[in-house]
Amino acid sequence: MSHNATDSLLVTAKPDLNDRIAKWLDHLSDERRLSDKTLIAYERDLRQFLRFLTDHLGGAPGIKDIADLRPADFRGFLAQRRRNKVQSRSLARGLAGIRSFLKFLERRGEINAAASDAVRPPRQLRSLPKPVSAKDAIDITSGDLAMETEAWVEARNAAVLTLLYGCGLRISEALSLTGKMAPQPGTKTMRIIGKGRKERIVPILPAVCEAVAHYVKLCPYAISPDGPLFLGARGGPLNPRMIQLSMAKLRGALGLPETATPHALRHSFATHLLAGGGDLRTIQELLGHASLASTQIYTEIDSAHLLAAYDKAHPRR
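Residues numbered from 1 in each chain as written. Predicted model: local features only at pLDDT ≥ 70, side-chain atom pairs only at ≥ 80, totals over all residues. Heavy atoms only, no water.

Helix and strand counts for the protein chain stand at 15 helices and two strands. Going through the 317 residues of the protein chain one by one, you find that 43% of them count as buried. Approximately 17,200 Å² of the protein chain is accessible, and the part contributed by carbon and sulfur atoms is 54%. (Helix = DSSP H or I, 4+ residues; strand = E, 2+ residues; numbered from the N terminus. Buried < 20%, exposed > 50% of the residue type's maximum accessible area, 1.4 Å probe, protein only. Areas by Shrake-Rupley, 256 points an atom, 1.4 Å probe, with all protein chains shown as cover.)

Now the structure itself:
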């Protein structure tokens, strides 16, 4: 996939810098294989930085201007964004995108990126993922609550939610499955294409195979080998919004909080595995996390649950 500098970038950067931006985006897409969503976010964050530099420097910046930047320039950008009520998480992500571009220029021998490295990203208050209990997860994925008017739609929604909880999939990963990728009875593992088009192998529970097989049996449309496994009411690809709406109905029926979302089932998969004795490295591979740090947050959830149980049950509380 090829990327060209957008019109908004062209008015805030000199031609030499626009050329490098286009090459950087191509590099992220073709070599780093980042998702389109990440590319759009990185491009947007860089565009905001270039707009700041245009005002800060009194004109559109070029490569030489980027090379001459000092830590104070980056701090000024972050301060301006903070004044505009941008949250710490977004500020940190934006700084990461800008640094990615500067490192790209540094590898080409065009600048020294040390100035941006000297700036600390904003401190973030990390919120813990909120899994549902094992009992609630089983109730959500059972397909027994008759929340839909058509049995095949009920079976479809249950199959998707079972994949999220039973395999730890993201909703986008479940909906990207094709007909030929559908787990069959007796299937032990399944290949998943995750974030950044990275592949991983996940084990398949019999309950997952059964839920998918039940949906396929009831589905009124032909599921082609190379077409989407999960279909919408008119036979086209299933919109993830339909699964989110299904989860909202289930929340109401089961009396669950707003945090009980489809993605919470993925958190539940990891949390329940860890509580059952699973090791972090294995859970990292199953989730498709690039960094172990992303997986370690589940140890904090487990510790929080243990402390809560201790506070509740200890006789000297």
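The positions UniProt marks with the feature "active site" (unreviewed entry) are Arg170, Lys195, His263, Arg266, His289 and Tyr298. Note that Arg170 resides in the loop between α9 (151–167) and α10 (171–175). Arg170 sits in the buried class, given a relative accessible area of 11%. Once residues lying within four places of it in the same chain are set aside, the contact partners of Arg170 are Leu164, Gly194, Lys195, Arg200, His263, Arg266, Leu287, Gly288 and His289. One can find His289 in the loop between α14 (280–287) and α15 (292–313). (UniProt positions renumbered as here; feature names shortened; annotations may be inferred. Contact = heavy atoms within 4.5 Å.)

As a further point, take the pattern of salt bridges. Under the counting rule described, the total for this entry stands at 16 salt bridges. The residue Lys249 makes a salt bridge to Glu148 at a minimum N-O spacing of 3.3 Å. Taken together, the residues span a long stretch of sequence, with Lys249 in helix α12 (residues 240–254) and Glu148 in the loop between α8 (134–141) and α9 at a distance of 101 residues. For Lys180, the salt bridge is made with Asp226, and the minimal N-O distance between the two is 2.9 Å. You can see Lys180 sitting in the loop between α10 and β1 (189–193) and its partner Asp226 sitting in the loop between α11 (206–218) and α12, a full 46 residues away along the chain. When salt bridges with common partners are traced through the structure, they connect Asp19, Arg20, Lys23, Arg108 and Glu110 into a single cluster. (Salt bridge = Lys/Arg side-chain N within 4 Å of Asp/Glu carboxyl O.)

Relative orientation of the contacting elements α9 and α12 amounts to 95°, with a least axis distance of 10 Å. Judged on the interaxial angle alone, α12 and α9 are roughly perpendicular. Two secondary-structure elements touch here, α9 through Arg156, Asn157, Val160 and Leu161 and α12 through Met242, Ile243, Ser246, Met247 and Leu250. Taken together, the residues that form the contact of α9 with α12 break down as six nonpolar, two polar and one charged. (Axes fitted to C-alpha atoms, helices over the stretch in contact; angles between N-to-C directions. Parallel < 35°, antiparallel > 145°, perpendicular 65-115°, else oblique. Nonpolar A, V, L, I, M, F, W, Y, C, P; charged D, E, K, R; others polar.)

The full count for this structure, using the stated rule, is eight aromatic pairs. Plain terms: the ring middles of Phe49 and Phe52 are 6.5 Å apart, the flat faces sit at 20° to each other, and that makes the pair stacked. You can see Phe49 and its partner Phe52 sitting in helix α3 (residues 36–57), three residues apart, about one turn around the helix. The burial state of Phe49 is the same as that of Phe52; both residues are buried. Looking at Phe49, the relative accessible area reads 1%, which means it is buried. Ring-pair connections join several aromatic residues into one group, and the members of that group are Phe49, Phe52, Phe74 and Phe77. (Phe/Tyr/Trp six-rings, centres within 6.5 Å; stacked < 30°, edge-to-face > 60°.)

Interhelical geometry of α3 versus helix α5 (residues 71–83) gives an angle of 110° and a closest axis separation of 10 Å. By the angle class used here, α3 and α5 are roughly perpendicular. Where α3 approaches α5, its residues Gln48, Phe49, Phe52 and His56 are matched on the opposing element by Asp73, Phe74, Gly76, Phe77, Gln80 and Arg81. Its residues placed into classes, the contact of α3 with α5 shows four nonpolar, four polar and two charged.

In this section: the environment of Asp45. The residue Asp45 is located in helix α3 in this model. For the pair Asp45 and Gly97, spaced 52 residues apart in sequence, the C-alpha separation works out to 6.5 Å. Not counting residues up to four positions away in its chain, the partners in contact with Asp45 are Arg93, Gly94 and Ile98. Reaching out from Asp45, the side chain makes a polar contact with the side chain of Arg93 at a distance of 2.9 Å. (Polar contact = N/O pair within 3.5 Å; in protein donor to acceptor, adjacent residues only side chain to side chain.)

Attention now goes to the confidence of the model for the protein chain. Of the residues in the protein chain, 88% have a pLDDT of 70 or more, and the chain-wide mean is 84. Predicted confidence is poor over residues 1–11, with pLDDT under 50, and the contacts of this stretch with residues over four places away or in other chains come to 26 contacts. Low pLDDT, under 50, characterises residues 304–310; the predicted model gives this stretch one contact beyond four residues in sequence or across chains. (pLDDT = per-residue confidence, 0-100.)

Glancing now at unusual backbone geometry. One can expect most non-glycine residues to show negative phi and most peptide bonds to be in trans. The phi angle at Lys85 is positive, at roughly 70°, despite the residue not being glycine. Looking at the element boundaries, Lys85 is found in the loop between α5 and α6 (88–107).

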